[in-house]
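# Structural overview for review
Here is what each chain is made of, one letter per residue.
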Amino acid sequence: MTLDCTYMENTIIGTCNQLAYNYPRKKNQDKGEVEAKKKAKGNEIVREIPQVSSSLFFQYNTALTPPYSVLVDTNFLSHTVQSKLELLTTMMDCLYSKCSPIITDCVMAELEKLGPKYRIALRIARDERWERLKCQHKGVYADDCLVDRVMKHKIYIVATNDRDLKRRIRKIPGVPIMSVARGKYLIERLPDAPEK
């Protein structure tokens, strides 16, 4: 009986030692697999397809029709003054159509902050012929305001010479960009625009 007890004790202790030896290694292996899965999940790119506007059903934006609504940026106004161009007539020459320049509160605030160097651009922006849009958001960063407004309503042409703003707007499908170059206004991504 004593032999059997010691034999049983040895086998039990042996299996316990074996379990104790194998268990931490298995636990570490599981931990490594879990960490590998977490890294794989972290590396995965979350892909979301933004809802496309119904006006972009055809190849171009069908919501853009004359008279065009042109959102004007601070940069565009200052380049217009430097090139000694008249805002409305040059826009109409570029688009071959009626258009209404629209100036947001953010653009006005930005022009006012720039000081006396931009007083002529500010005087042009304060002209009562242009439409004014009220901004409901806080802050006066005009680029974010224009991009946000264009994302919501794709009925605008954006007039800017700002390289970063152009890059941001090019990512939005169906929004044409107007800029000042070589003493005239140029339009890009407007399907009916004539080639010059």
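Note that the structure is predicted; figures quoted are calculated from it, not measured. (Residues numbered from 1 in each chain as written. Predicted model: local features only at pLDDT ≥ 70, side-chain atom pairs only at ≥ 80, totals over all residues. Heavy atoms only, no water.)

This brings us to the side chain of S97. In this fold, S97 is placed in the loop between α3 (87–95) and β2 (99–104). Once you skip the residues sitting within four places of it in the chain, S97 turns out to touch P66, Y68 and M92. (Helix = DSSP H or I, 4+ residues; strand = E, 2+ residues; numbered from the N terminus. Contact = heavy atoms within 4.5 Å.)

The subject of this paragraph is the pattern of salt bridges. Where charged atoms of side chains with opposite charge meet at close range, the side chains can pair. On inspection of all chains with the given rule, the structure shows 7 salt bridges. For R126, the salt bridge goes to E112, with nearest N and O atoms at 3.3 Å. With R126 in the loop between α5 (119–125) and β3 (131–133) and E112 in helix α4 (residues 105–114), this pair connects stretches of sequence that are 14 residues apart. In this structure, the salt-bridge partner of K152 is D148, at a minimum N-O distance of 3.4 Å. Of this pair, K152 and D148 are both found in helix α6 (residues 142–152), 4 residues apart, which corresponds to roughly one turn of the helix. (Salt bridge = Lys/Arg side-chain N within 4 Å of Asp/Glu carboxyl O.)

Right, let's get into the sheet that holds strand β5 (residues 177–181). With mixed pairing, the 6 strands of this open sheet are ordered in space as β3-β2-β1-β4-β5-β6. If you trace the sheet from one side to the other, it starts and ends with β3 and β6 (184–188), each paired once. If you compare each strand with its neighbour and ignore which way they point, the axes differ by 30 degrees on average. Direction of pairing for β5 relative to β6: antiparallel, over a ladder of 5 bridges. Within β6, the position partnered with I177 by the bridge is E188. The strands that helix α2 (residues 74–82) touches are β1 (68–72), β4 (156–159), β5 and β6; relative to β5, the one it contacts most, it runs at about 30 degrees. This element, α4, spans β1, β2 and β3 of the sheet and lies at about 65 degrees to β2. (Pairing = 2+ DSSP bridges. Axes fitted to C-alpha atoms, helices over the stretch in contact; angles between N-to-C directions.)

The alternating pattern of β6 places Y185 and I187 on a buried face and K184, L186 and E188 on a face that is not buried. Counted along the chain from β5 to the antiparallel partner β6, the turn is 2 residues long, and its residue R182 has a positive phi close to 55 degrees. (Buried < 20%, exposed > 50% of the residue type's maximum accessible area, 1.4 Å probe, protein only.)

Right, let's get into the environment of K117. Assignment of secondary structure puts K117 in the loop between α4 and α5. Each C-alpha atom of the pair K117 and S78 lies 9.7 Å from the other, and the pair is 39 residues apart in sequence.

With that settled, the discussion passes to the nonpolar core. Counting residues in hydrophobic clusters, the biggest one holds 32 residues, and the most contacted among them are V70, F76, M91, L95, M178 and Y185. At 5 residues, α3 tops the list of elements feeding residues into this core. With sequence-adjacent residues up to four places away left out, L95 is seen in contact with Y68, V70, I157, M178, I187 and L190. Judged by nonpolar contacts, the second largest core, of 13 residues, contains I102, V147, V150 and I169. (Core = buried A, V, L, I, M, F, W, Y, C linked by side-chain atoms within 4.5 Å.)

All right, on to the environment of T89 then. With respect to the helices, strands and loops of the structure, T89 is situated in helix α3. Given a relative accessible area of 38%, T89 falls into the partly exposed group. C-alpha separation for the pair T89 and C99, spaced 10 residues apart in sequence, amounts to 9.4 Å.

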